[in-house]
Amino acid sequence: MFQNEPYADFSQPGNRSAMREALAAVRAEFGREYELRIAGARLKTAEKLRSLNPSWPGEVVGVHQKATASEAGRAVEAAAAFFPEWSRTSAERRAELLFNAARILRRRKLEFDAWLVFEAGKTWPEAEAETCEAIDFCDYYARQMLRLASLPELVQLPGERDRMVYLPLGAVVVIAPWNFPLAILAGMTTAALVAGNTVVIKPSSDTPTVAAKFVEVLLEAGFPEPSFALVSGSGAAVGDALVEHPLTRLISFTGSRAIGLRINELAARPRPGQMWIKRVIVEMGGKNAIIVDEEADLDAAVQGVLVSAFGYQGQKCSACSRAIVSEKVYDEFLSRLVSKVAAIKVGPAEDPDNYMGPVISERARQAILEYIEIGKREGRLVAGGAPQEAPGFFVQPTVIADVGRKARIFQEEIFGPVLAVTKARDFEHALELANDSDYGLTGALYTSNRGKIEKACEGFFAGNLYINRKCTGAMVGAHPFGGFNMSGTDSKAGGPDYLLQFLQAKSIAERL
Ligand code: NAD
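Read on for an overview of the structure. (Residues numbered from 1 in each chain as written. Predicted model: local features only at pLDDT ≥ 70, side-chain atom pairs only at ≥ 80, totals over all residues. Heavy atoms only, no water.)

Right, let's get into helix H1 (residues 13–27). Here H1 contains 15 residues, and its C-alpha end-to-end distance of 21 Å stays within 8% of the 21 Å for a straight helix at 1.5 Å per residue. Taken together, the buried positions of H1 are Met19, Ala22, Leu23 and Val26. For H1, the arc enclosing every buried residue in end-on projection is 100 degrees, short of the 170-degree limit, so these residues lie on one face. Along H1, exposed side chains directed more than 90 degrees from the buried face belong to Pro13 and Glu21. (Helix = DSSP H or I, 4+ residues; strand = E, 2+ residues; numbered from the N terminus. Expected span 1.5 Å × (residues − 1). Buried < 20%, exposed > 50% of the residue type's maximum accessible area, 1.4 Å probe, protein only. Arc of directions from axis to C-beta.)

Take a look at the structure:
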């Protein structure tokens, strides 16, 4: 039976000291150079890419190669060349390798936590949750592949033997974001591999070290070197080449809406020599709402909104960026929220006393601060609103109240610690406001009223809806994850249907 990986409890002194040791060991590896990996070869390029520690941007976490379109093309060709061999490996063997990967990640859990703290700016608990999610993806997809490998039951026509088998597709391009540089990258990659595809991995240029470390896990687990390639570099430089290559069979992307839509468009156009319609999985942004009804447990609602809006600095696709609150409890909710926000400690991610770490980059910090300026004009600033004076990329947790539905900060994804709070006349109005979005990723409702819960289950248009709990923290196996509308193709990562997207079904009818 699949079970989610338990989180280490960092309030235990033993776990705290083990984590401090892991941080020190990882820090000692800062500045190391990592190579591209194509068909088992390790390659260097003339231009380098440096990933920084967002808490202390003077620190270079890793030095990486900056691939060009030519290396991207070679990586796809190598992956396509190895596909026939890898696709003939049995599903049982592929699953076994993935179980190995889960075991290795489990053994190296605190080390991966430490890389996430330093390269992605995650606090200890956020890093731990992500590494556990990566382990879950490996364990879960291995089991799902074993399930799919046994033939599904079909109607048997008289005088025939009727079967259906699932076949892998070919060379898969995985393009990953920086905000879950381990879990999302590992999830997309291992789903493709365990289904029998070969993979070209393109990590985010903000977090390539985590990807390089994960590739070590794949190798140690026994995945053959040519079954995957690692191509670091700027998305603009290699992205189009990977997507447009005629031998690319499927693109699995998680990231922003603009890039996801571009990929979808480019992939739709067949290139000379291309024999298939490329499959595209694009999981994109969100503008997620939590509805706080007058019949809610207000303390639970305040806590749920707080954690969903400011955990990992609001840089989760599932983060709450709109609180839609019944006018009957609006003022009370706001005052309780603001006093809690004022108590949030922001600072370097490696210090476990800080609840919030830095945002990912100076560019992100500037973009978030610009939205805060817009928000100050569109609503009433009630908490935060200023950059924090420090070398790191810090932004204070910010709450802007009385935001209208046409406001940009109500409609556009900010991807930082900025929460818009909006007043609703009644529950129907709240639901209408929540659905007033191009996105449809996550959402939550706090209420004790059963009728309202049923109405939300029916009418709250989000891929992942949560009742009386936060809207972040989807668990593999329990909360298959993916969004509606402009949030993506609703692929439901960590769910029982996910692997089917990396497979094609072949029906075989044999006259007896
Ligand atoms: P991004 O779109 O900037 O980058 C994602 C990846 O695409 C990176 O590896 C980047 O290098 C690459 N890329 C950039 N230009 C490209 C191009 N022209 N062609 C191909 N690839 C290109 O996104 P990000 O800033 O890394 O991530 C944040 C975004 O991801 C947010 O919008 C967030 O909501 C979204 N996200 C969504 C989910 C989900 O499951 N729906 C999960 C995590 C993050």
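A few words now on the environment of Phe484. Tracing the chain through its elements places Phe484 in strand E20 (residues 484–485). Along the primary structure Phe484 and Leu441 are separated by 43 residues, whereas in three dimensions their C-alpha atoms are 5.9 Å apart. The residues contacting Phe484, other than those within four sequence positions of it, are Tyr439, Gly440, Phe461, Ala462, Gly463 and Asp490. (Contact = heavy atoms within 4.5 Å.)

For the coordinates displayed, the defined rule picks out 37 salt bridges. Glu96 is paired through a salt bridge with Arg93; the nearest N and O atoms lie 3.1 Å apart. Here Glu96 and its partner Arg93 are both found in helix H3 (residues 91–107), three residues apart, which amounts to about one turn of the helix. What makes Arg93 partly exposed here is its relative accessible area of 36%. (Salt bridge = Lys/Arg side-chain N within 4 Å of Asp/Glu carboxyl O.)

What follows deals with the pairing of strand E10 (residues 248–254). Two faces make up the sheet, and in a regular strand the side chains alternate between them. Burial analysis of E10 places seven of its seven residues in the buried class, which makes it a mostly covered element. Two elements, strand E7 (residues 171–175) and E10, share five bridges in a ladder whose sense is parallel. Following the sheet pairing, Val173 is matched in E10 by Ile251. Taken together, the five bridges between E10 and strand E11 (residues 279–283) define a ladder with parallel strand orientation. Pairing of Ser252 across the sheet is with Ile281, part of E11. (Pairing = 2+ DSSP bridges.)

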